[in-house]
Amino acid sequence: MSKKSNKIIAIVGPTASGKTEWAKKLALKFNGKVISADSRQIYRGFDIGTGKDKSFRQDLIDIIEPFEKFTVWDYQQLASNLVNQYFSMKSLPIIAGGTGLYLYAVLYGYILPGVKKESDELRKKLEKLSENTLYEKLKKIDLAAADKIDPKNKRRVIRALEVSILSKKPFSEFQKKLKPKFKTLIIGIKTDRETIYSKIDARVEQMVKDGLVEEVRGLIKKYQSDLPAFNTIGYKEIIDYLRGKTTLKESILNIKNNTHSYVRRQETWFKKNKDIKWVSRYEDAEKLTHKFLKK
RNA sequence: GCCGGGUUAGCUCAUUGGCAGAGCAGUUGACUGAAAAUCAACGUGUACGCAGUUCGAUUCUGCGACCCGGCA
């Protein structure tokens, strides 16, 4: 068992590809512990719409209230701690989820700029400026970052500016990695578009039958609906319906379509990564794990 | 059967007497503290068919087909 003590498995793939299921089975088979890497399942009460699986023990699910702030940084801390804890317990950490940024922050040891997002005053000032002004500002301070970020992507331009201004160091100089002290096997679940799309569509219908509308109604009654947590596929569309902006039918269609394009974004994120071993059958994942643990 | 309205991109629909364009869908890409977020790129299709008017018709006229209303 000691062989496992610095090894970690990651399972990636688009939403509805079965990551959680695979992780669950691998955990059973190899004495593993599943750590979720999902930026939405962290919220308590967001159950049906995020497709939470509560049938087994999984870390980093239901860890905060919808009004609490949570970022990659928090995720990185929590997940890394768990990984180390499992190493010392001689169990195998299995990280599974669809949030690429979260996964990579842990797996590749991203060094996140030590500047908190909620530097409210500066942020409020920046948010009032136009895209153009912001971008010109960034060009002056950090040309390398400006080159990489689209001028119209206000969110990312602001963050780059914020980090550069508050740390007095260009944002682009932070973009470093600290090679983690563990060996990783990243398993990617291979799927084809058509299959995953129809799986998603069926799942959305099921979510509605399971009471998604009621879940959202309850949540917006309890919390302010402009929280970042509600900017989630499956929730924002139902909110539109509850406010009369769309019919339920339209809202369901929107959930399906938005999930489809989410799948595309996820695939773009993982596609170019040469470390990922893509397989389409669970048995192959098991074989890969076997080999990996023997090494 | 009669009277209207319609037939244009996978879908919903614009538009124009000089060989057509939006939204959605779809596809591609970026991504280091909101990431299920945020942002960028990609539009040739027999303009229902046939005939006529015209230098030129998808646009006007006629006939036909199909669809949707209303009246019988």
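Residues numbered from 1 in each chain as written. Chains lettered and ligands numbered in written order. Predicted model: local features only at pLDDT ≥ 70, side-chain atom pairs only at ≥ 80, totals over all residues. Heavy atoms only, no water.

Engineer: Help me understand the overall build of chain A in this model?
Structural biologist: Along its length, chain A carries 12 helices and 7 strands. In terms of overall size, chain A behaves like a compact globule, its C-alpha atoms giving a radius of gyration of 20 Å where 295 residues would be expected to give roughly 19 Å. A principal-axis box enclosing the C-alpha atoms of chain A has dimensions of 55 × 50 × 35 Å. Counting over 295 residues, chain A shows a buried share of 47%. Looking at chain A as shown, the accessible area adds up to about 16,200 Å², and 52% of this sits on carbon and sulfur atoms. Counting 61 positive and 36 negative side-chain charges, chain A places the averaged centre of each group 6 Å from the other. (Helix = DSSP H or I, 4+ residues; strand = E, 2+ residues; numbered from the N terminus. Rg over C-alpha atoms; globule rule 2.2 N^0.38 Å. Buried < 20%, exposed > 50% of the residue type's maximum accessible area, 1.4 Å probe, protein only. Areas by Shrake-Rupley, 256 points an atom, 1.4 Å probe, with all protein chains shown as cover. Lys, Arg positive; Asp, Glu negative; His and termini not counted. Charge placed at Lys NZ, Arg CZ, Asp CG, Glu CD.)

Engineer: Sorry if this is basic, but what is going on with the domain arrangement of chain A here?
Structural biologist: For interface size, the figure often reported is the accessible area lost on association. Here chain A is partitioned into domain 1 (113-174) and domain 2 (193-265). A C-alpha centroid distance of 32 Å is found between domain 1 and domain 2. (Domains from an automatic or database assignment.)

Engineer: Can you walk me through a positive patch on the surface in this structure?
Structural biologist: Residues Lys183, Lys277, Lys291 and Lys295 make up a contiguous surface patch of positive charge. Mapped onto the fold, Lys291 is located in helix 12 (residues 282-294). (Patch = residues over 30% accessible without salt bridge, like charges linked within 9 Å, V, L, I, M, F, W, Y side chains within 5 Å. Salt bridge = Lys/Arg side-chain N within 4 Å of Asp/Glu carboxyl O.)

Engineer: Can you walk me through the pairing of strand 6 (residues 183-189) in this structure?
Structural biologist: Residues in a regular strand point their side chains to alternate faces of the sheet. Of all 7 residues making up strand 6, 5 are buried, and the element is well covered by its neighbours. Of the strand pairs in this sheet, strand 1 (residues 7-12) and strand 6 are connected by 6 bridges, and their pairing is parallel. Counted as the bridge partner of Ile11 is Ile187 from strand 6. Sheet topology note: the strand 6/strand 7 (residues 276-279) ladder contains 4 bridges and is parallel. Opposite Ile187, over in strand 7, you have Lys277 as the bridge partner. (Pairing = 2+ DSSP bridges.)

Engineer: Mind showing me how you'd approach the nonpolar core here?
Structural biologist: One broad trend across soluble globular proteins is that nonpolar side chains are buried collectively. Among the nonpolar cores identified, the biggest contains 51 residues, and Ile35, Tyr75, Ile95 and Leu103 are the most heavily contacted of them. Where this core is concerned, the elements lending two or more residues are strand 1, helix 2 (72-88), helix 3 (100-107), helix 8 (193-209), helix 9 (212-222), helix 10 (236-242) and helix 11 (248-271). For Leu103, the contacting residues outside a window of four places in its chain are Val12, Ala37, Ile95, Gly97, Gly98 and Phe270. By size, the runner-up hydrophobic cluster in this structure holds 21 residues, among which are Ile9, Phe56, Leu185 and Ile187. (Core = buried A, V, L, I, M, F, W, Y, C linked by side-chain atoms within 4.5 Å. Contact = heavy atoms within 4.5 Å.)

Engineer: Even after reading the chapter, I still don't get the packing of helix 8 against helix 11, so can you show me in this structure?
Structural biologist: Each pair of packed helices can be summarised by the angle the axes make with each other and by the distance between the axes. Following both chains from N to C, one finds helix 8 and helix 11 inclined at 140°, their axes separated by 10 Å at the closest point. With respect to helix 11, the element helix 8 is oriented oblique. Once helix 8 is placed against helix 11, the crossing between them reads as right-handed. Along the contact surface, helix 8 presents Arg193, Ile196, Tyr197, Ile200, Asp201, Val204, Glu205 and Val208, while helix 11 presents Ile252, Ile255, Lys256, Thr259, His260, Val263, Arg264 and Glu267. (Axes fitted to C-alpha atoms, helices over the stretch in contact; angles between N-to-C directions. Parallel < 35°, antiparallel > 145°, perpendicular 65-115°, else oblique. Left-handed = near helix turned anticlockwise from the far one by under 90°.)

Engineer: Would you explain the sheet that holds strand 3 (residues 92-96) in this entry?
Structural biologist: Where strands meet in a sheet, backbone hydrogen bonds hold them as pairs that are either parallel or antiparallel. If you trace the 5 strands from one edge of the open sheet to the other, you get 2-3-1-6-7, paired in parallel fashion. Only two strands of the sheet have a single partner each, and these edge strands are strand 2 (32-36) and strand 7. For this sheet the average axis-to-axis angle between neighbouring strands, irrespective of direction, equals 25°. Relative to the sheet, helix 3 contacts strand 1, strand 3, strand 6 and strand 7, its axis offset from that of strand 1 by approximately 165°.

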